[in-house]
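A closer look at the structure
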Amino acid sequence: MAAPWAILLTVLLQAAGSEPSCDVNRTEHDHDDVIEIIGDDTDRLVEAIARHPWRPLVGRGTGSDWAVRGDAELRALFGRANGTYQVVNYEPPILYYHNDDKPLAGLAGIDSRAPARVVRGNLSGLVDALGRGERVYLSAANDTAIVGKLRDLPPATVLPALLLRGAGEALGLNEQAHRALNLWVGGNGVTAAAHYDASANLYAQLHGRKRFLLVDPALHLELELYPFLHPRFRRAQRLPGEPHPALETGGSCGDAAPLSPELPVVAVELDAGDVLYLPPYVFHHVVSDSPCSVSMNAWLGSEATAAAQRL
């Protein structure tokens with residue numbers, strides 16, 4: 001995948017993404033393969049990230065010691081914290097992060113999807129909900145106290161350190177000023193819509209399976225990003241696997257080359273014990289691919305990241 005710095009300003013300043021445009025003329029896109037590292041040697045993972053800080057990378061089994069096995073371990077894990085989780089009761093079960101501070105938030109017709117049902121209490125209850133086949137979704141962003149209860153778990157301490165060792169120098173990462181740690185739980189089919197993060201991301205699958213569809217940052221125009229003022233800023237209106245609206249309606253883009261019917265993606269399947277490294281600005285569409293998916297990730301940013309986000 002191409003280094004995204006050359007297109008960063010275009011992505012962040014795109015302000016007219018509300019309607020399908022006809023200024024996309026790509027029909028072919030080159031994708032570098034995702035690098036795979038096999039085994040539980042974290043040093044090999046770090047070395048590979050350092051050599052390829054702008055390439056997605058998977059460590060197969062790198063986090064095998066962190067895997068959570070069976071309902072008993074899940075109950076022990078989540079019983080340590082109280083908090084909130086959501087039950088996604090609409091179709092399709094795709095979630096978009098909503099930033100209430102954006103100027104367009106709350107306006108009629110903006111981000112009008114019905115909200116998921118919110119459940120509060122001891123998080124051991126979400127294990128029962130998952131067992132009933134409910135489409136549970138939990139993010140540490142819903143309740144940051146959850147992560148505080150789980151900070152002694154190995155991934156919580158190891159992931160930021162590995163990320164800093166691997167990509168810190170190349171990307172100018174600053175652990176103290178730009179660090180975040182998140183826990184994620186998803187029921188079968190629950191999906192985080194395609195988006196990019198401005199920080200480097202090291203993502204560990206602890207239980208179940210999750211599927212990432214990665215899209216090169218160079219394809220940001222085809223993704224039809226929500227504009228900066230929209231509460232879904234950084235998210236894509238056009239999701240992987242969907243045809244471009246101009247094709248759906250039989251529209252024409254004038255003299256431009258025909259649009260590709262589907263976005264080219266790189267699919268990455270994560271099983272318990274796998275670790276995924278994502279460079280900044282790589283778009284990812286994330287699907288929980290098992291009845292219960294549990295993950296933890298660390299984000300590290302830089303002063304350049306903070307400056308870009310302030311634009």
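Residues numbered from 1 in each chain as written. Predicted model: local features only at pLDDT ≥ 70, side-chain atom pairs only at ≥ 80, totals over all residues. Heavy atoms only, no water.

Bringing the overall build of the protein chain into the picture now. Counting its regular elements, the protein chain contains nine helices and 14 strands. Out of the 311 residues belonging to the protein chain, those deemed buried represent 52%. Restricting to contacts in the protein chain with at least 6 residues of sequence separation, those with at least 24 account for 84%. Here the protein chain displays about 13,500 Å² of accessible surface, and carbon together with sulfur accounts for 50% of that area. (Helix = DSSP H or I, 4+ residues; strand = E, 2+ residues; numbered from the N terminus. Buried < 20%, exposed > 50% of the residue type's maximum accessible area, 1.4 Å probe, protein only. Contact = heavy atoms within 4.5 Å. Areas by Shrake-Rupley, 256 points an atom, 1.4 Å probe, with all protein chains shown as cover.)

Next up on the list: the pairing of strand 13 (residues 283-288). Within strand 13, six of the six residues are buried, leaving the element largely enclosed by the surrounding structure. Residues F283, H285 and V287 line one face of strand 13 and the alternating positions H284, V286 and S288 line the opposite face, and both faces are buried. Here three bridges tie strand 8 (residues 191-195) to strand 13, and the two strands are oriented antiparallel to one another. When the sheet's bridge partners are listed, H195 is paired in strand 13 with H284. (Pairing = 2+ DSSP bridges.)

With that settled, consider the layout of surface pockets. The space that makes up the second largest pocket amounts to roughly 180 Å³. As for the second largest pocket, its lining consists of W66, A67, V68, E73, A76, L77, R80, L153, P154, P155 and L206. Mapped by element, the contributors of at least two residues to the lining of the second largest pocket are helix 3 (70-78) and helix 6 (154-171). Considering only residue class, the lining of the second largest pocket consists of nine nonpolar, no polar and two charged. (1 Å grid on protein atoms, 1.4 Å probe; cavity = no way out; pocket = protein on both sides within 12 Å on 5 of 7 lines; lining within 4 Å. Points joined across faces, edges and corners; volume = space filled by probe spheres on them. Nonpolar A, V, L, I, M, F, W, Y, C, P; charged D, E, K, R; others polar.)

All of the buried residues in helix 3 are L74, L77 and F78. All buried residues of helix 3 lie within an arc of 80° about the axis, which places them on one face of the element. When the buried face of helix 3 is taken as reference, the exposed residues oriented beyond 90 degrees from it are A72 and A76. Those residues of helix 3 hidden inside the fold are in contact with strand 5 (117-122), helix 4 (125-131), strand 7 (179-187), strand 9 (200-207) and strand 14 (292-300). (Arc of directions from axis to C-beta.)

A word on the nonpolar core. In this structure, F78, L126, Y277 and V294 are the most contacted members of the largest nonpolar core, which totals 49 residues. When residues in this core are grouped by element, the largest group, six residues, is from helix 6. Non-local contacts of F78, meaning those with residues more than four positions away in its chain, are made with N122, L123, S124, L126, V127, L183, V185 and V294. One finds V34, V266, V282 and V286 within the second-largest nonpolar core, a separate group that totals 20 residues. (Core = buried A, V, L, I, M, F, W, Y, C linked by side-chain atoms within 4.5 Å.)

A few words now on unusual backbone geometry. A negative phi holds for most residues other than glycine; trans holds for most peptide bonds. At the junction of E91 and P92, the peptide bond is cis and its omega measures out at -15° in the coordinates. Mapped onto the elements, P92 comes out in the loop between strand 3 (82-87) and strand 4 (94-95). For R234, which is not glycine, the phi torsion reads 80° and is therefore positive. You can see R234 is positioned in the loop between helix 7 (220-223) and helix 8 (245-248).

Turning to the sheet that holds strand 7, a few remarks are in order. Spatially, nine strands are ordered 1-2-12-9-14-7-6-3-5 in an open sheet, and the strand pairing comes out mixed. At either margin of the open sheet sits one strand with a lone partner, and together these are strand 1 (35-38) and strand 5. Taken pair by pair, the neighbouring strands of this sheet meet at an average axis angle of 20°, ignoring direction. Sheet topology note: the strand 2 (residues 57-60)/strand 12 (residues 275-278) ladder contains three bridges and is antiparallel. Note on strand 12: the bridge partner recorded for G59 is V275. Across the sheet, helix 6 is in contact with strand 7, strand 9, strand 12 and strand 14; its angle to strand 14 comes to roughly 45°. (Axes fitted to C-alpha atoms, helices over the stretch in contact; angles between N-to-C directions.)

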